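What follows is each chain in one-letter form.
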Amino acid sequence: MPAMGMLSGARAAIVSYRLGMADGVSVTAALWAKALRRTGMRVRTVAGNGRADVLIPGLALDAARPPSRRELAAALDGVDVVVLDNVCSLPVNRSAGEALAAYLGGRRTVLRHHDLPWERERYAGVSTWPLDDPAWRHVTISESARRSLAVHRGIAATTIYHGFAERPCPRQRTLVRRRLRIPPRCPLILQPTRAIARKNVDLGLAFASALGGVYWLTGPAEEDYHAALERLLRDAPVPVRRRLPLGVRMAGAYAACDAVVLPSSWEGFGLPLIESALHRKPIAVGEFPVARELAAFGFRWFDAADPGLLRAFLADPDPALLDHNEAIAHRHFGFDPLVRRLDRLLSGVAPCEHAAAIREQGDDPCDCLTA
């Protein structure tokens, strides 16, 4: 691994089940790629499907067979550092993760954990993931995940919060609302998530109904949630809009909406918490652990269980609240802080003591790289 200040010209590969899509792993992997390039590194993306520089079908979530060593060698040989984005964290495709782990044993590798097995009921019995190796470094996206990883697996990690390079596009508001057929004075309530059980679409619908608005869910249905979503939308108490119109990106969605709702019961991070601040939109938030962790930075959010407070805000907006949230987001979760954190991570910042020391001493070491 290059020493501090000498990342320029080094080669990195970012590997995941899928990349270049709208899910949180894809979005933040793209930001890591951009940040690594800012440090001077050359970056290659590798995935099972989606949009990546190299596609290896055996890495896909539903692949019938794992990638071969020959395929991995063609993609990863000659790379100075490999970043595994969730692919050895959550055992969705165990054979793919194990093939990667075997190939990368002893090599400088960063495992970035967006999700951990014990956070999902279907993987609660998996006790050997995330995979580990003495040459690897582990990165979590929250402090609660870092502590949990130490408790469950005895693995020390570094917390690196997501960095964002959001560019608000307020001029798109009228155009996007027109394409969605939203009346001029009608509140448009955005839930910028996938449709899966823990995202609580029913609560998002109820929240939009309480505000007398239109509900907009942008993400696809996944994890066998299709039938449940169809029932919810069929009986929805409010008008509903689905997905992004052709040619519209998330910046346009934030420009068009009047408020954001994130009623989830669990999030690995919760990208809308920061995106809404950078796009200067009020957000109503459910009760999940990472929301409490990030709220400690000073954000002022509304309660997804109490729509009356946000209804009053929309009737009489307070720009000072939006100014406050935007400033915190830029200070702690901007793109430049992310570049600095990755530079420190890859330039030889010493990790916390490893598994044995954690078990023996009962310590709760913190190796959180902040701006």
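As shown above, the structure is provided for reference.
Heads up: these notes are all about the structure in this document.

## Thoughts on the pattern of salt bridges
Inference 1: Summed over the entire model, instances satisfying the criterion amount to 21 salt bridges.
Inference 2: Here Arg120 and Glu223 are joined by a salt bridge, their closest N and O atoms 3.7 Å apart. Of the two residues, Arg120 sits in the loop between strand S5 (109-113) and strand S6 (136-140) while Glu223 sits in the loop between strand S9 (214-217) and helix H7 (226-234), which places them 103 residues apart along the sequence.
Inference 3: Given the relative accessible area of 13%, Arg120 is considered buried.
Inference 4: Take Glu223: its relative accessible area is 37%, and that puts it in the partly exposed class.
Inference 5: Linking Glu287 and Arg292 is a salt bridge whose minimum nitrogen-to-oxygen distance equals 2.9 Å.
Inference 6: Through salt bridges with shared partners, a single ionic network connects Arg18, Asp23, Asp115, Arg120, Arg122, Arg194, Glu222 and Glu223.

## Points about helix H12 (residues 319-333)
Inference 1: The end-to-end C-alpha distance of H12 is 20 Å, a good match for the 21 Å that 15 residues give at a rise of 1.5 Å each.
Inference 2: Taken as a whole, H12 has its buried residues at Leu321, Leu322, Asn325, Glu326, Ile328, Ala329 and Phe333. Taken end-on, H12 shows its buried residues confined to a sector of 165 degrees, consistent with a single buried face.
Inference 3: Looking at the buried side of H12, the elements it contacts are helix H9 (271-278), helix H10 (289-295), strand S13 (302-303), helix H11 (307-315) and helix H13 (335-346).

## A few points about the nonpolar core
Inference 1: Residues Phe269, Leu273 and Ile274 are the most contacted members of the largest nonpolar core, which totals 35 residues.
Inference 2: Examining the composition of this core, we find that 5 residues originate from one element, H9, more than from any other.
Inference 3: In this structure Ile274 touches Phe164, Phe269, Phe299, Ala329 and Phe333, once residues within four positions along its chain are discounted.
Inference 4: If you look at the next biggest cluster of nonpolar residues, it comprises 26 residues, including Tyr17, Val46, Tyr103 and Tyr123.

## Some remarks on the packing of aromatic side chains
Inference 1: Scanning the entire structure with this criterion turns up 8 aromatic pairs.
Inference 2: Relative to Phe297, the ring of Tyr161 has its centre 5.6 Å away and its plane inclined at 85 degrees; by these criteria the two rings are edge-to-face. Here Phe297 lies in the loop between H10 and S13 and Tyr161 lies in the loop between strand S7 (158-159) and helix H5 (173-180), a separation of 136 residues in the sequence.
Inference 3: Exposure remark for Tyr161: the relative accessible area of 5% places this residue in the buried category.
Inference 4: Just above the ring of Phe335 sits the side chain of Lys34; from NZ or CZ to the centre is 5.1 Å.

Quick notes on the rules
Residues numbered from 1 in each chain as written. Predicted model: local features only at pLDDT ≥ 70, side-chain atom pairs only at ≥ 80, totals over all residues. Heavy atoms only, no water. Salt bridge = Lys/Arg side-chain N within 4 Å of Asp/Glu carboxyl O. Helix = DSSP H or I, 4+ residues; strand = E, 2+ residues; numbered from the N terminus. Buried < 20%, exposed > 50% of the residue type's maximum accessible area, 1.4 Å probe, protein only. Expected span 1.5 Å × (residues − 1). Arc of directions from axis to C-beta. Contact = heavy atoms within 4.5 Å. Core = buried A, V, L, I, M, F, W, Y, C linked by side-chain atoms within 4.5 Å. Phe/Tyr/Trp six-rings, centres within 6.5 Å; stacked < 30°, edge-to-face > 60°. Lys NZ or Arg CZ within 6 Å of the ring centre and 35° of its normal.

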